[in-house]
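Chain residues, written in single-letter form:
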2 protein chains.
Amino acid sequence: MPAMAGVFVDATSVNRRVTETAVGATEAGADVTRFAAEVKPGWDIGGNANGGYLMAIAGRAMAEAVGRPPVTLTAHYLRPAPAGPCDIEVTTVRSGRRFATATATLTMASGQVLALLGTFGDQTPGGPSRTTEAPVVLPDYDDCELPPPSTDGPVPEMFRRLAVRIRPGDEGFRAGNPSGRAEIRGWFAFADGELIDAIGLLLVADAFPPPIFNTDLPAAWVPTVELTVHVRGVPEPGPLRCWFRTRFIHDGLLDEEGEIWDSTGKLVAQSRQLALYPRPPV
Amino acid sequence: MPAMAGVFVDATSVNRRVTETAVGATEAGADVTRFAAEVKPGWDIGGNANGGYLMAIAGRAMAEAVGRPPVTLTAHYLRPAPAGPCDIEVTTVRSGRRFATATATLTMASGQVLALLGTFGDQTPGGPSRTTEAPVVLPDYDDCELPPPSTDGPVPEMFRRLAVRIRPGDEGFRAGNPSGRAEIRGWFAFADGELIDAIGLLLVADAFPPPIFNTDLPAAWVPTVELTVHVRGVPEPGPLRCWFRTRFIHDGLLDEEGEIWDSTGKLVAQSRQLALYPRPPV
């Protein structure tokens, strides 16, 4: 685990995740650090980069600026992000003994894409633990299903990079048979078997199809307004057990909450987002 | 509802909530608006102002700066807040047709107390609704119990201003008989019967005793690291049904999530926070 915990600040690492979310400091002041990075192609659905992928880029810059891994990070999504260069400006708000808090913006040619606020530090600072909830129960990885689209249409490049598998019973939406429950459970891994660190968890938090695909609502990719991820630990090696669900769909806004456990059964992240159900064209 | 929806921007209103969380603009620029306000006495536990109360003050300033009510607001807590004057600086990040996004800081004599990031706009923008979860079931308001302390020690002033009532069965921690489940369900109202608007909901989200009081852990007030509130609508008149629970206590950090329904059974807010269990003195 010590080796993994270092990955997130190791910008020289050649592993894929650091390649894909690499950031380079261009200017470092007392409180403000600027980074240059690139929203790489192949992390989009329909031309707009995935929200978790964008959060991972910005979260890496923030973690490097304050020198600590993320504990709780919130991103608000301001406009779509095509592939291309971006700038990240990180402002350290407070750097204390236990935690550091920072704000950030991620800006592309089209304007500001993300606004972020996060607290960084030790995800396991020491103190009591009480476990009352078991990890989500899943069939073996190989007995789970590929995410959509299954056969018709090209598989988005993003789903070739990830090795997401969906629990049988939660994948019916792929064939027009939604389960009727707005939840999707399954496994997350990188296709190349790469280890998942604290920055990778930010991507995992938004990597599954929207749980509302399993309702009777017409399937539509729902733009995220805000995503908050609590990173509760660095995963041990192996695919992650994930459970995403939407509980409250109201007047065009909906929540999505997620839990992510590692191979040892430890909760490593919780997420919650508020998203917008697109109004039908008139 | 239209009349209530206006309360949050009516700084001239004489109702208690606006008195207690009033903000006055001192400087308005193109993107930055500054406000003066006061953390009033009587909203503290042990000398530190309640986190929801602080979020309500800052949230009001942000809502006034962008001219819209909160939809999703995140606050990170940087240091304790005694009663006293404070300054709030709001920076509008983006003001679009549907939503406006802003960051803010709340600063007191001791330094910066809060960092915030929120999106403001219409909580019910229109679109599909699907209700699968019913409001939490509670006995009648008058059949529920007062929050702690019950008989020993003075009742904190805050609990005299609020009319919180706890579901029988969830109140055993008051007498040293915790239920064993980290949850507290109950009613929320203001003691003077005042209506609860979108700003008031920010206070409600942190107004109950910590659910971990119902575990076997020694009762300790847990400082909030980060609190995110999704405001899903303006409540109809009447006490609110509330459900707060902690599911993951790990190595000294714990989550707390909440749901708040109005008298018509509509979900009006969801909350989630990450808090720190204090290390025992050595």
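Residues numbered from 1 in each chain as written. Chains lettered and ligands numbered in written order. Predicted model: local features only at pLDDT ≥ 70, side-chain atom pairs only at ≥ 80, totals over all residues. Heavy atoms only, no water.

Counting secondary structure elements, chain A contains five helices and 16 strands. Here the C-alpha radius of gyration of chain A, 18 Å, is about what a compact globule of 282 residues would show, namely 19 Å. In terms of its C-alpha atoms, chain A occupies a principal-axis envelope of roughly 55 × 50 × 35 Å. Going through the 282 residues of chain A one by one, you find that 58% of them count as buried. Across chain A, the fraction of contacts at a sequence separation of at least 24, relative to all contacts at a separation of at least 6, is 67%. (Helix = DSSP H or I, 4+ residues; strand = E, 2+ residues; numbered from the N terminus. Rg over C-alpha atoms; globule rule 2.2 N^0.38 Å. Buried < 20%, exposed > 50% of the residue type's maximum accessible area, 1.4 Å probe, protein only. Contact = heavy atoms within 4.5 Å.)

Residues and elements named next belong to chain A. For helix H3 (residues 51–66), spanning 16 residues, the distance from its first C-alpha to its last is 22 Å, which sits close to the expected 22 Å at 1.5 Å a residue. For H3, the N-terminal capping position is held by Asn 50, with its side-chain oxygen 2.9 Å away from the main-chain nitrogen of Gly 52. Following H3 by one or two positions, Gly 67 has its phi on the positive side, about 75°. (Expected span 1.5 Å × (residues − 1). Polar contact = N/O pair within 3.5 Å; in protein donor to acceptor, adjacent residues only side chain to side chain.)

Let us look at the interface of chain B and chain A. Each partner contributes residues to the interface: chain B has 59 residues there, and chain A has 60 residues. Counting across the interface, chain B meets chain A through eight salt bridges. A salt bridge links A:Arg130 to B:Asp216; the nearest nitrogen and oxygen atoms lie 2.8 Å apart. Counting every contact that joins chain B to chain A gives 32 residue pairs in polar contact (both at pLDDT 80 or more). For the side of chain B that touches chain A, the secondary-structure elements that each account for two or more residues are strand S5 (70–77), strand S6 (84–95), strand S7 (99–108), strand S8 (111–121), strand S12 (224–231), strand S14 (248–250), strand S15 (253–261) and strand S16 (267–276) of chain B. (Salt bridge = Lys/Arg side-chain N within 4 Å of Asp/Glu carboxyl O.)

In this structure the tally under the stated criterion is 38 salt bridges over all chains. Linked by salt bridges that have partners in common, A:Glu133, A:Arg245, A:Arg247, A:Glu257, A:Glu259, A:Arg272, B:Glu133, B:Arg245, B:Arg247, B:Glu257, B:Glu259 and B:Arg272 make up one network.

This paragraph deals with the confidence of the model for chain A. Residues and elements named next belong to chain A. Per-residue pLDDT for chain A averages 89, and the proportion of residues at 70 or more is 90%. Contacts for the low-pLDDT stretch residues 1–15, under 50 throughout, to residues beyond four places or in other chains number 28 contacts. Among the scores for the predicted complex, ipTM is 0.93 and pTM is 0.93. (pLDDT = per-residue confidence, 0-100.)

Before going further, it helps to spend a moment on the side chain of B:Gln112. Note that B:Gln112 resides in strand S8. For B:Gln112, the side chain forms a polar contact with the main-chain oxygen of B:Leu114, separated by 3.2 Å. For B:Gln112, the residues in contact, after removing those within four places along its chain, are A:Val93, B:Leu78, B:Arg79, B:Thr105, B:Leu106 and B:Thr107.

Once that is clear, we can look at the relation of the copies chain B and chain A. When chain B is fitted to chain A, the residual RMSD is 0.0 Å, and the transformation amounts to a turn of 180° plus an axial shift of 0.0 Å. Expressed as a symmetry operation, the mapping of one chain copy onto the other fits a two-fold axis. Relative to the rotation axis, the closest C-alpha in chain B is found at B:Leu117, a distance of 3.3 Å. When the interface residues of chain B are mapped onto chain A, 100% of them are again interface residues, pointing to one common binding face. (Least-squares fit on C-alpha atoms with pLDDT ≥ 70 in both.)

Let us look at the environment of B:Asp192. Secondary-structure assignment places B:Asp192 in the loop between strand S11 (183–188) and helix H5 (198–204). By relative accessible area, B:Asp192 is classed as partly exposed at 44%.

Counted by the stated rule, this structure contains twelve aromatic pairs over all chains. Here A:Arg245 stacks its cationic end above the ring of A:Trp243, 4.3 Å away from the centre of that ring. (Phe/Tyr/Trp six-rings, centres within 6.5 Å; stacked < 30°, edge-to-face > 60°. Lys NZ or Arg CZ within 6 Å of the ring centre and 35° of its normal.)

Mapped onto the elements, A:Thr228 comes out in strand S12 (residues 224–231). A:Thr228 sits 45 residues away from A:Gln273 along the chain, and the two C-alpha atoms are 6.1 Å apart. Sequence-distant contacts of A:Thr228, that is, excluding residues within four places in its chain, are made with A:Thr72, A:Leu73, A:Thr74, A:Gln270, A:Ser271, A:Arg272, B:Thr74, B:Glu226 and B:Thr228. Side-chain polar atoms of A:Thr228 contact the side chain of A:Thr74, separated by 2.7 Å. Polar side-chain contacts of A:Thr228 include one of 2.6 Å to the side chain of A:Glu226.

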